[in-house]
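Residues per chain are reported as follows:
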Amino acid sequence: MSLTSDPPVDAPPRKTGAEAAAEAGPDALKVVPVRHPWRWVAVVVTAVVLAQFLNGLITNPGWEWEVFARFFTADAILKAVWVTLQLTFYGTALGFALGIVLAFMRLSASPFLKAVAFGYIWAFRSIPLIVQLLFWFNLAYLYKELSFGIPFGPSFFSFDTMGLVGAMSAAVLGLALHQAAYAAEIVRGGVLSVDGGQLEAAASLGIPRLRQLRRIVLPQAMRSILPNAANEIISLFKGTSIVSVMAIGELFYQVQVVYGRNGRVVPLLMVATAWYILLTTALSIVQHYVERHYAKGSTR
């Protein structure tokens, strides 16, 4: 018997799966995609619901698509669309013009101007739009005539208010004054989003205040103003339907007149819906390009 023996050889440690895969290289890895069974269930259910809805739109005779096609481009409807666009344009232009003034009044160092602007915004955001429209429509009931002259003194001339504010002018006035309250807060928020250090740097370079506002503040503030302003314009466009209470021939009022005569309620409502969708889509496209213009040089 041999008195000597070889020393025992220790067995190599067992490697884990991760270590073995690391040594084998990335080509030997088996990639198993994450499974989302409930996501596919949601996709299938949603697709079935959409298919049923589209099938109902096509096959349900209650939609009366032939009536829709006949009235979609009728002269009365096209004139009503033009009135709606006019109300939207004038309400937006006058509202944002006044809103810019109110925004800078709130940003001013004068406590009086701040208080006046805050009071205006508080009042016109608190009163429902329909109440404001009816108030301006009945302005002659409160003020029989308007006079111009020295405050609390003699007047130079005056005129009757009975024929001054008609239905269309009352609608534009009410929409613009209502819009100005929201536009003021949108503009104020956009101006406040600009870093104050840029204005300090511009002032140290001797740039005039008006040029600071025009070339430094507003181009940057527009990035914050535009999305909210576009939402307000689209809301105003759809909100013009409320002036139907004053018998103005805008889109929704004209649709009501037509289906009041022929009884085709659903297809006429779809005519109004289609026009609102088309014009809202056009406004959204304009918003996209305007935002892209003011987003030059910024990282998104």
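Structure: see above.
One structure accompanies this document, and this report is about it.

Cut-offs applied
Residues numbered from 1 in each chain as written. Predicted model: local features only at pLDDT ≥ 70, side-chain atom pairs only at ≥ 80, totals over all residues. Heavy atoms only, no water. 1 Å grid on protein atoms, 1.4 Å probe; cavity = no way out; pocket = protein on both sides within 12 Å on 5 of 7 lines; lining within 4 Å. Points joined across faces, edges and corners; volume = space filled by probe spheres on them. Helix = DSSP H or I, 4+ residues; strand = E, 2+ residues; numbered from the N terminus. Core = buried A, V, L, I, M, F, W, Y, C linked by side-chain atoms within 4.5 Å. Buried < 20%, exposed > 50% of the residue type's maximum accessible area, 1.4 Å probe, protein only. Contact = heavy atoms within 4.5 Å. Salt bridge = Lys/Arg side-chain N within 4 Å of Asp/Glu carboxyl O.

## What to know about the layout of surface pockets
Considered as a void within the structure, the largest pocket measures approximately 590 Å³ in volume. Around the largest pocket, the lining is made up of 22 residues, and of these T92, A229, A230, I233 and L283 lie nearest the centre. The leading source of residues in the lining of the largest pocket is helix α10 (residues 209-239), at eight residues.

## Points about the nonpolar core
Formed by 25 residues in total, the largest nonpolar core has its most connected members in L87, L102, Y120, V243 and M246. Of all elements in the fold, only α4 (75-107), α5 (111-126), α6 (129-137) and α8 (167-192) reach the threshold of two or more residues within this core. When residues in this core are grouped by element, the largest group, eight residues, is from α8. Filtering out sequence-adjacent residues up to four positions away, L87 remains in contact with M168, A171, V172, L175, T240, V243 and E250. Among the nonpolar cores identified, the runner-up in size contains 19 residues, and V67, F72, F237 and V258 belong to it.

## Examining the pattern of salt bridges
Within this structure, the stated rule accounts for three salt bridges. A salt bridge links E185 to R106; the nearest nitrogen and oxygen atoms lie 3.1 Å apart. Of this pair, E185 sits in helix α8 while R106 sits in helix α4, and the two are 79 residues apart along the sequence. For R106, a relative accessible area of 21% gives the class partly exposed. The residue E185 makes a salt bridge to R188 at a minimum N-O spacing of 3.0 Å. A residue pair is termed a helical-turn pair when its members lie 3 or 4 positions apart in one helix, as E185 and R188 do in helix α8 at three residues. Connected via shared salt-bridge partners are R106, E185 and R188.

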